[in-house]
Every structure is written in C-alpha cells, then in structure tokens.
Amino acid sequence: MTSQDSPTPTPVGIVTDSVSCIPPEVVSRLGIEIVPVELVFDGKVYRDGVDITPDEFYALLEGAKRLPTTSAVSPGSYLQIYRRVAERGKDVLCITVTSRLSAMYDSAKTAADMAREVLPDRRVEVLDSGTATTGEGFMVMEAARAAASGKGLDEARSAALRIQPWVYVLAMLDTLHYLARGGRVPKAAAWATSLLQVKPILEVKDGEVHLFERVRTRKRATEHMLQAVARLRRGKGPLHAAVMHAHTPREAEELGRVLAARFQPAELYVTQFTPVMGVHTGPGVLGVAFYWEEG
C-alpha cells in the first residue's frame, strides 16, 4: 500500500478535566471537552467552572470556617462525554491530571472500559498526564492541535507525550495552611512547621508535588520562578508559558508582562488557578507552567 492509499485517520475528540486550567477561549477554539470536577462547600455541590467561578470560590474560601472538599469525576460522567464525542463520529483521547494526586485517571479508565461495550465502533484511550494545572493543559492543547489538523488518536497522543518530559509547573503558595490541613501532600505538615515565615515554591514533576525552593517574600519568589524558567530551558526552541493565579490578578498580569519581555514566548496565557486545586492550596497562589520547544 502506498502512502496515497493509506486510510485517513478517524477524527479524534480531546477530553480533559477542569484541573487543566485551559483558558476558556482556547477550549472553545480547539473544541476541547472539559469534565468539571465537583466541589463540596458547606454541604452544597458545585461543578468547577460551571456553577461557581474561581473569583467566587476564593472569596468564599477566605471566610470559610470549614474547608471545602473535592469529589473525583464519576465514570458515568466521563462516559457521558465519551458518548457525546463518539456521536460526532470521533474516537476519544482523554488526558487526566496526574493519577498520583487524584482518582480521576481511574474514573476515566473505568469509563473507557465501559465504552468498549457501549461504543464498540470507537476507540477510547486515556492518558495520565503526570502533571497538573496548565502543565496538563499544555499536553491537552498539543493533542487538540494535532486533532484539529486532521491527525488521528495515535498521533494526537504522541503530540501530548512529545512535550511531557519538558513540562514544568511551579507555584508559590501564600500559606501552607490549606495543604497541611488537607493532607493531600504528606510532607506539607512538616513544611508548614519549618517554613512559617517563608513563601514556598512547589513543583509538580513526575506526578508528585515537591518543595522546589523556599524564599522570604512574594517578590523574591516571583523572581526565582523567572530564573527557573531560564535555567530549565531544554533545546533552542521558543517558550510556551502560562501564568496561573488564585485571586491575585494584578501580580499575574505583571508576571506575564515580565515573561513576555524576557523570553518572547510563542504563546503566553494568564489564567485562574482552578478551585479544585485551590481547595488544597488556598488563595494567593501565583505560578507558572511552561515548556521549551526542542527546536
């Protein structure tokens, strides 16, 4: 069979969770399907990004006596979206937040197993991003761009995996209070004890959260993150970056301006830190997700 005789790949739809922090205009432009994670606040259930905005959530969080909780997306919710994508004649590639921090990968996989019974004519595959927030989002966007250019499921998956080793997520926390109380990161309680007057910079890498650096002020933390963007460069290609913030829009816009001036990125977004992560980190988060093209 010649290349001209090769079958055209089946179109593929890209699905992800709301932890990916992809700007809404990009979600719309690339046709990405977002599965909203549920937040439980004072006994009321909110769908992330649907029933409550990040600004509304952080305003409530600052005055809350009891911490809200999150609930992993059910397999049934994933299957519903897989059906919707399949009805448009497409295979499905679902990319999730790291499985080491959430049960969403397991839910998505269970739904994919169910789909093999109810959607036998469509491929449904699930990929663990190994990261979170817009680090996950960048992998999703790469897969969606491949899909938009007519690539099939395998090529869209490869596009996401191609950048996975180069994706970094750094975030400065204003306090470790929420992380320690939530218990999602076991070492956080010890960090909170030893870093009472320090602004920690955390890193999401290899599926887990690590203490990346510790500094005394938010200003120094911001500069250290910028230095890390330069230091972690791989290859000679351009930068792709996203500034994330939890109720600190002015700082985020300023960090975005500095990133643009220093590195002239190929793409740069300023986006809100999803409430799903904010449950565990609290307000005041300022971070950057990025990768350098190999070039």
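Rules behind the numbers
- Residues numbered from 1 in each chain as written.
- Predicted model: local features only at pLDDT ≥ 70, side-chain atom pairs only at ≥ 80, totals over all residues.
- Heavy atoms only, no water.
- Pairing = 2+ DSSP bridges.
- Helix = DSSP H or I, 4+ residues; strand = E, 2+ residues; numbered from the N terminus.
- Buried < 20%, exposed > 50% of the residue type's maximum accessible area, 1.4 Å probe, protein only.
- Axes fitted to C-alpha atoms, helices over the stretch in contact; angles between N-to-C directions.
- Contact = heavy atoms within 4.5 Å.

Chemist: Would you explain the pairing of strand S7 (residues 124–128) in this entry?
Modeler: For a regular strand, the rule is simple: side chains alternate between the two faces of the sheet. For strand S6 (residues 91–96) and S7, the ladder comprises five bridges, and the chain directions are parallel. Looking across to S7, one finds that Val92 is bridged to Val124.

Chemist: Help me out: how do you make sense of unusual backbone geometry in this one?
Modeler: Trans is the prevailing form of peptide bonds, just as negative phi is the prevailing case for residues other than glycine. Of note, the phi angle at Thr133 is positive, near 50°, even though the residue is not glycine. Residue class for Thr133 comes out buried when judged on its relative accessible area of 2%. In this structure, Gln264 is a non-glycine residue whose phi angle is positive, near 45°. Among the secondary structure elements, Gln264 is positioned in the loop between helix H10 (249–263) and strand S12 (267–272).

Chemist: Just checking my understanding: could you explain the sheet that holds strand S2 (residues 33–35) for this structure?
Modeler: Hydrogen bonds between backbone atoms are what pair the strands of a sheet, whose relative direction is either parallel or antiparallel. With parallel pairing, four strands are arranged side by side in an open sheet as S2-S1-S6-S7. Since the sheet does not close on itself, it has two edges, and those belong to S2 and S7, each with one partner. Across the sheet, the mean angle from the axis of one strand to that of its neighbour is 25°, orientation sign disregarded. Here five bridges tie strand S1 (residues 12–17) to S6, and the two strands are oriented parallel to one another. Each bridged residue has a counterpart across the sheet, and for Val12 the counterpart in S6 is Asp91. Across the face of the sheet, helix H5 (residues 133–148) comes into contact with S1, S6 and S7 while running at roughly 170° to S1.

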